[in-house]
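What follows is the residue order along each chain.
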Amino acid sequence: MNQQHKQSIIAIALITAICLAGDSMLYIVLPTHWRSVGLTSLMQVGIILSVNRFVRLPLNPLIGYIYKKVSFRNLILFAVLLSGLTTLGYGFVKDYPIWILLRSIWGLAWSLFKLGAYLLVLEYSTDANRGNLMGTYNGLYRLGSLFGMLLGGLLADLFGMKLIALILGSMVFLSIPLVFKYLPKTIQTEQGIKPPAQTWFTWLKPFHNKMFLKILITAFLLSMLLDGMLTATLSHIIEGKFTNQIHLFGFMVGAATLSGVMQALRWGITPFLTPKIGSIFDRAKQKNMVLVLFLVNASIFLFLIPFPLKLVLWLPVLLAHLLVASVITTVLDGVSTDYASNMTNRLLLMTIYTIVLDLGAALGPVIGYRLEQQLGLSNLFWLASAICLILMISWAIPHKGQLRQNIM
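Since we're looking at a predicted model, the values are computed, not measured. (Residues numbered from 1 in each chain as written. Predicted model: local features only at pLDDT ≥ 70, side-chain atom pairs only at ≥ 80, totals over all residues. Heavy atoms only, no water.)

1. Quick word on empty space enclosed by the protein
Here the structure, examined in full by the defined rule, presents one cavity of 30 Å³ or more. Considered as a void within the structure, the largest cavity measures approximately 550 Å³ in volume. Lining of the largest cavity is provided by 37 residues; of these, K114, Y141, R142, D227 and T329 occupy positions nearest its centre. (1 Å grid on protein atoms, 1.4 Å probe; cavity = no way out; pocket = protein on both sides within 12 Å on 5 of 7 lines; lining within 4 Å. Points joined across faces, edges and corners; volume = space filled by probe spheres on them.)

Below, the structure is given as structure tokens:
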């Protein structure tokens, strides 16, 4: 892989990061400032944080088709423009239906970013560096979550939503020069011979393969638990456990601020952590065991989070879990792209994988708030811990097909 290819992957990660900041800010701010932006219940917060993922479910197949017809660079540019407009809009919206519209538009933009990045990594990577490049991408684009959540938590508690939305929205348009300088105009979406025309049977065929189905089930559950549920409810969880005014190291901070700081620490460490884990994944003879190792850790930390620990002990447990969740995302992306790399129709496989991720992440906030009301906070996290443990056992069992059975 030449240096220009690596620069392209770094560039799309940084462009995505800048555009993601406004979305990430909402996960910190809305659970504690929902009344000030015209919302009437926490259920509306859950829906707003989920709707962008729900709209991606029908959009992803269409976007996969569009990537065959429209140039890669133009689609990323379009996504940047949509991101800037929606982020600016967050500072002025006071009406629930308009919130739904803005979040739906962001869902379209994110689908363009995510599928485009997967295709770019597949285009420029090899078996020897795919995990490392996926880790680099995942670590860098989440810098947007770092700044969005940290600035969102701090500025929203001090000045409200409008200022932070204006700052983050204006920054999006500054990323446009990166699109033209570093991203290729076109990329290859298929490998080898041209695949047959896609039909409903074509879409269903991958589900008959046990290994790919296992990847999809794992992706769905982990996306729901580690991405959708925990991220959307974190500031609410802190507020419920420790009240909204928390005394920490001589300072009084709000739940949104503390949640933002913890997420910022997570995304600040991730760019250094995930590329190294990706390299370990590339060298591993049994790649599934890398996933097993981190599923064990996720199960342990999810089990510990509900315990009534002192704040100075609870925060390191939370941070460790957040870091493990980031690593699992990289490892699972590595498993899926490694699997799709030698397939004829890799665009189809990555489109299906993206749809499943979005479905899990979309259900996470809604199910998280709903189950907390019905089961209680402790039982919710212990249930998530048990699910991770079951997934760990399933991946620890050797599968004779490994990761690259040809299903197409």
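2. Observations concerning a nonpolar patch on the surface
On the surface, a cluster of nonpolar side chains totalling about 620 Å² of accessible area is made up of L158, F159, L163, I167, M171 and L174. Listed by contribution, the elements that provide at least two residues to the nonpolar patch are α6 (143–159) and α7 (161–173). No other element matches the three residues that α7 contributes to the nonpolar patch. (Patch = residues over 30% accessible without salt bridge, like charges linked within 9 Å, V, L, I, M, F, W, Y side chains within 5 Å. Areas by Shrake-Rupley, 256 points an atom, 1.4 Å probe, with all protein chains shown as cover. Salt bridge = Lys/Arg side-chain N within 4 Å of Asp/Glu carboxyl O. Helix = DSSP H or I, 4+ residues; strand = E, 2+ residues; numbered from the N terminus.)

3. Examining the environment of R346
Checked against the element boundaries, R346 lands in helix α14 (residues 346–375). Exposure remark for R346: the relative accessible area of 5% places this residue in the buried category. (Buried < 20%, exposed > 50% of the residue type's maximum accessible area, 1.4 Å probe, protein only.)

4. Observations concerning the packing of aromatic side chains
All told, the structure shown has 10 aromatic pairs when counted by the stated rule. A ring pair is formed by W106 and W110, whose centres lie 5.9 Å apart and whose planes are at 35°; its orientation type is tilted. Here W106 and its partner W110 are both found in helix α4 (residues 96–124), four residues apart, which amounts to about one turn of the helix. Taking relative accessible area as the criterion, W110 reaches 9% and is therefore assigned buried. Ring geometry for F303 versus W382: centroids 5.9 Å apart, planes at 35°, classification tilted. Note that F303 is positioned in helix α12 (residues 287–304) and W382 in helix α15 (residues 377–396), a separation of 79 residues in sequence. Residue F303 is classed as partly exposed on the basis of its relative accessible area, which comes to 40%. Taking the relative accessible area as the measure of exposure, W382 reaches 32% and is therefore partly exposed. One aromatic cluster is present, built from ring pairs that chain together W106, W110, Y137 and Y141. (Phe/Tyr/Trp six-rings, centres within 6.5 Å; stacked < 30°, edge-to-face > 60°.)

5. Focus: the packing of helix α5 (residues 130–141) against helix α13 (residues 311–340)
The contact between α5 and α13 brings their axes to 9 Å, and the two run at 135°. As far as their axial angle goes, α13 and α5 are oblique. Note that α5 runs across α13; the crossing there is right-handed. For the pair formed by α5 and α13, the contact residues are R130, G131, M134, G135 and N138 on the first element and T329, T330, D333, G334, T337 and D338 on the second. Split by residue class, the contact of α5 with α13 holds one nonpolar, seven polar and three charged. (Axes fitted to C-alpha atoms, helices over the stretch in contact; angles between N-to-C directions. Parallel < 35°, antiparallel > 145°, perpendicular 65-115°, else oblique. Left-handed = near helix turned anticlockwise from the far one by under 90°. Contact = heavy atoms within 4.5 Å. Nonpolar A, V, L, I, M, F, W, Y, C, P; charged D, E, K, R; others polar.)

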